[in-house]
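Fold and contact review
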Amino acid sequence: MEKNAETILAPRTDLAVEMQEELEEESYLEGISIRTKIDRHKNIKETIIQVENKTGANILGKPEGFYITIEGDDLSGLDESYHESMSNALAKHLKKLLGDYDHILVAGLGNQEVTPDALGPYVVQNLYVTRHLKQEKIIKEAITLSAITPGVMAQTGMETGEILKALVKEIKPEVIVAVDALAARSSARLNKTIQISDTGIAPGSGVGNHRQEITEKTMGIKVIAIGVPTVIAVPTIVNDALEQFLKTLGKGKLVDFYEEFTDQEKYQLAYEIVNPYLADMFVTPKNIDEAVKKISYTISEALNQLITA
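Residues numbered from 1 in each chain as written. Predicted model: local features only at pLDDT ≥ 70, side-chain atom pairs only at ≥ 80, totals over all residues. Heavy atoms only, no water.

Points about the packing of aromatic side chains
Under the definition given, this model contains 2 aromatic pairs. A ring pair is formed by phenylalanine 257 and phenylalanine 261, whose centres lie 5.1 Å apart and whose planes are at 70°; its orientation type is edge-to-face. A relative accessible area of 23% places phenylalanine 261 in the partly exposed class. With 5.8 Å between their ring centres and 45° between their planes, tyrosine 258 and phenylalanine 261 make a pair best called tilted. Take tyrosine 258: its relative accessible area is 4%, and that puts it in the buried class. (Phe/Tyr/Trp six-rings, centres within 6.5 Å; stacked < 30°, edge-to-face > 60°. Buried < 20%, exposed > 50% of the residue type's maximum accessible area, 1.4 Å probe, protein only.)

This is the structure in structure tokens:
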């Protein structure tokens, strides 16, 4: 029990915007700036969180840097014009973060054989890679874009970070763009949210499967991370269901008692309810196959916009 209490203080999430939402008091926001823009016509919400210093980093639990969240209800839907709007919004932020870099290495992280983890490999499939074309002088004006799907350790026996570090040494890109599937705290954000950050990524951290981090410190070059939440922890779902159930009961001693719990204590209770069989299980929406393919195309189109920008 004590071990669980130490390690499960809050629902697992890779999204900075969800971590920020847990900070309820203004005093907690020291060292963190937040800007939000809502385009009601296009139904897109953009949140830019900047962790400005070590104080902010300690509070949010994220390294110093920018965390940009783009949210939209129709991201996994069939509306092509909506996907174009999301691609344009993503490309706009990527251009700002990438600046004048001329050689980009895109790393599609994850396991293509497991659909919720296949986002990165799918993105790479739709990229317009140009490195070989520029080497052969077939094109001249475009930026240099190379890409790789490094797989996962179970397939290769190597850390993804080890593979990328070797590639950086060999082909000398100026920046890595790592694309990966994430975990969310809220089921409402699954397959509907894109997060961009300039602080790199720790593959598998949201699901408790920690691998070597891919950051500027480990790679020696800038790392931009793009992620979409595709899974959610079972205790989080139980926690949400429990809160909804108690709301239907109305006022009462049980409800009043439960409301005295902190968010961490509520999550701990949900964890204990499903422990040990479901506590470490993650689930994904039933339309994940179609959703991941559509979202990956949206991300690919944003990256393709950078080539001739």
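Focus: the pairing of strand 7 (residues 193-197)
With 5 of 5 residues buried, strand 7 lies mostly within the body of the structure. Judged by which residues are buried, strand 7 turns out to be covered on both faces: Thr193, Gln195 and Ser197 on one side and Ile194 and Ile196 on the other are all buried. Pairing analysis gives 5 bridges linking strand 3 (residues 65-71) to strand 7, with the strands arranged antiparallel. The residue bridging threonine 69 from the neighbouring strand is glutamine 195, located in strand 7. In the sheet, strand 7 pairs with strand 8 (residues 222-233) via 3 bridges, with the strands oriented antiparallel. Among the inter-strand pairings, glutamine 195 is bridged to a residue of strand 8, identified as glycine 227. (Helix = DSSP H or I, 4+ residues; strand = E, 2+ residues; numbered from the N terminus. Pairing = 2+ DSSP bridges.)

Considering the pattern of salt bridges
For the coordinates displayed, the defined rule picks out 5 salt bridges. Of the charged contacts, one joins arginine 189 and glutamate 71 as a salt bridge, the two residues approaching to 3.0 Å between their closest N and O atoms. Taken as a pair, arginine 189 in the loop between strand 6 (175-184) and strand 7 and glutamate 71 in strand 3 lie far apart in primary sequence, 118 residues in all. Both residues of the pair, arginine 189 and glutamate 71, count as buried. Between lysine 266 and glutamate 259 there is a salt bridge; the shortest N-O distance is 3.8 Å. Under the relative-accessibility criterion, glutamate 259 is labelled partly exposed at 49%. (Salt bridge = Lys/Arg side-chain N within 4 Å of Asp/Glu carboxyl O.)

So, the nonpolar core
Counting 41 residues, the largest nonpolar core has Leu94, Ile196, Ile299 and Leu303 as the members making the most contacts within it. Looking at which element gives the most residues to this core, the answer is helix 13 (residues 288-307), with 8 residues. (Core = buried A, V, L, I, M, F, W, Y, C linked by side-chain atoms within 4.5 Å.)

A few points about the confidence of the model for the protein
Overall, the predicted model of the protein reaches an average pLDDT of 86, with 89% of residues at or above 70. Here residues 1-9 is modelled with pLDDT under 50, and outside its nearest four sequence neighbours on either side it reaches 11 contacts, counting other chains as well. (pLDDT = per-residue confidence, 0-100. Contact = heavy atoms within 4.5 Å.)

A short note on a nonpolar patch on the surface
A cluster of nonpolar side chains, Phe245, Leu249 and Leu254, forms an exposed patch at the surface whose accessible area comes to about 310 Å². Mapped onto the secondary structure, phenylalanine 245 falls in helix 10 (residues 234-249). Using a relative accessible area of 47% as the deciding quantity, one classes phenylalanine 245 as partly exposed. (Patch = residues over 30% accessible without salt bridge, like charges linked within 9 Å, V, L, I, M, F, W, Y side chains within 5 Å. Areas by Shrake-Rupley, 256 points an atom, 1.4 Å probe, with all protein chains shown as cover.)

Let's talk about helix 10
Over its 16 residues, helix 10 extends 23 Å from the first C-alpha to the last, a length consistent with the 22 Å expected when each residue adds 1.5 Å. The set of residues buried in helix 10 consists of Val234, Pro235, Thr236, Asn239 and Leu246. For helix 10, the secondary structure elements touched by its buried residues are strand 8, helix 11 (253-259), helix 12 (263-274) and strand 9 (282-283). The first or second residue beyond helix 10 is glycine 250, which carries a positive phi of 75°. (Expected span 1.5 Å × (residues − 1).)

What about unusual backbone geometry?
Residue asparagine 275 is joined to proline 276 through a cis peptide bond whose omega torsion reads 5°. Secondary-structure assignment places proline 276 in the loop between helix 12 and strand 9. The backbone phi angle of lysine 137 is positive, close to 60°, even though this residue is not glycine. In this model, asparagine 191 sits at a positive phi of 60°, which is unusual for a non-glycine residue. Its place among the elements puts asparagine 191 in the loop between strand 6 and strand 7.

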